[in-house]
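Architecture and fold: a report
Okay, here's what each chain looks like letter by letter:
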Amino acid sequence: MKRLDLELTVGLFIIAGIICLGYLSIKLGKMEVVGGKGYEIYAIFSNIGGLRTGSSIEIAGVDVGRVKSITLDNYQAHVVLDLPWSVKIQEDAIALVKTKGLIGEKYIEITPGGSEKIIQPGGRIRETQPAVDLEGLISKFAFGKI
Amino acid sequence: MRLTIRLQEGILLFLVLGITVSGWAGEPMDQIKQTTDAILSIVSDPALKVSSKAEERRRRIRNAVDQRFDWEEMAQRALARHWAQRTGEEKKEFVHLFGDLLERTYMDKIEGYSGEKVQYEGDTLEGDYAVVRVKIITKKNVDIPVEYRLQKKGDNWLVYDVSIEGVSLVNNYRTQFNSIIVGSSYADLVKRLKAKAAEK
């Protein structure tokens, strides 16, 4: 009887441990179990220079959302952005692919616009600015072309 | 007899429609091309290069640019969320100051034109919006990609943003204006713009 109690306690602890591990991996991996708490809009970039699914979206330097998916559409990058309901994006907002520091990771920054029209879920941010290709720029102006 | 008339009408209609449709496809690019050609002809006109005509040359360039650029839309986009808080009078003044700021910044570059080539790469139309892609080839053979973003207003396609090497003009000013307004005030921004206009 006593032995059974011990085994039961160990079992319970292991189950609790597994639950904790699962919670941690979901939290740290920034995955969603039951749907997001926001809406999606998309933007088309001519070059995203290494942006990845899960990269952050910032407004005024504040992390507001995540890149949900990136696909190639007509040789351009079709990026789906996941934003919370509390963040409204105006029709003339501009989405930019930026780099943290000089060689850091890529993220998307949105500069809010002044239009009264708000982009509806599933809508598109028309104005985009691709990742700046620093190496390309340097080589262009340092060496020129043939 | 009646049938032949019908047929002729039909052919005529087809021709007219055919022409309008084919003319439609590249309308934004045609209009950009027109303006660019007009400016290039002013800039390379030897009669206007004399210093006594400098004023007139400037005015004519500005006129040509004014016809294609929607200053109000650009100023509104650059001021972004601070635009709605301005009164009608302030908006008018700001559009004027913004136009002058751009003139001041870019006029020297236009006037310094020395035979750079402009190559038209194509345009993308989407409802009332269009993007025209152009390449400017400098004398050193470096090509600079430029993108005009246009919006249809009436019969005209008007530019509301220009991207050079992928960097948007509106976004550049939007971030600067925003940090000035948030950091101090709108009045300070106007003061700075006016000071800049009085520099020369």
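Read on for a plain summary of the structure. (Residues numbered from 1 in each chain as written. Chains lettered and ligands numbered in written order. Predicted model: local features only at pLDDT ≥ 70, side-chain atom pairs only at ≥ 80, totals over all residues. Heavy atoms only, no water.)

Some details on the interface of chain A and chain B
- In this assembly, 22 residues from chain A lie in contact with 20 residues from chain B.
- With both chains or domains summed, chain A and chain B bury close to 1,900 Å², and 45% of this area falls on carbon and sulfur atoms.
- Across the contact surface, chain A and chain B share four salt bridges.
- Elements that contribute at least two residues to the side of chain A that touches chain B include exactly strand S5 (94-99), strand S8 (127-129) and helix H2 (134-143) of chain A. (Contact = heavy atoms within 4.5 Å. Buried area = accessible area lost by both parts, 1.4 Å probe. Salt bridge = Lys/Arg side-chain N within 4 Å of Asp/Glu carboxyl O. Helix = DSSP H or I, 4+ residues; strand = E, 2+ residues; numbered from the N terminus.)

Things to note about the side chain of Gln151(B)
- Among the structural elements, Gln151(B) can be located in strand S3 (residues 143-153).
- Classification of Gln151(B) as buried rests on a relative accessible area of 14%. (Buried < 20%, exposed > 50% of the residue type's maximum accessible area, 1.4 Å probe, protein only.)

Here's the deal with the pattern of salt bridges
Residues and elements named next belong to chain A.
- Tallying each qualifying case throughout the model produces 22 salt bridges over all chains.
- Its salt-bridge partner being Lys100, residue Glu58 comes within 3.6 Å of it at the nearest N-O pair. Remark: Lys100 occurs in the loop between S5 and strand S6 (106-111) and Glu58 occurs in strand S2 (residues 56-59); sequence separation between them is 42 residues.
- The class for Glu58 is buried, based on a relative accessible area of 10%.

Remarks on the packing of aromatic side chains
Residues and elements named next belong to chain B.
- The final tally for this structure, using the stated rule, is nine aromatic pairs over all chains.
- Ring plane angle 45° and centroid distance 6.2 Å describe the contact between Phe94 and Tyr186, whose orientation is recorded as tilted. With Phe94 in helix H5 (residues 88-111) and Tyr186 in helix H7 (residues 186-197), this residue pair connects regions lying 92 residues apart in the sequence.
- Directly above the ring of Tyr160 sits Arg77, whose terminal nitrogen or CZ lies 4.0 Å from the centroid. (Phe/Tyr/Trp six-rings, centres within 6.5 Å; stacked < 30°, edge-to-face > 60°. Lys NZ or Arg CZ within 6 Å of the ring centre and 35° of its normal.)

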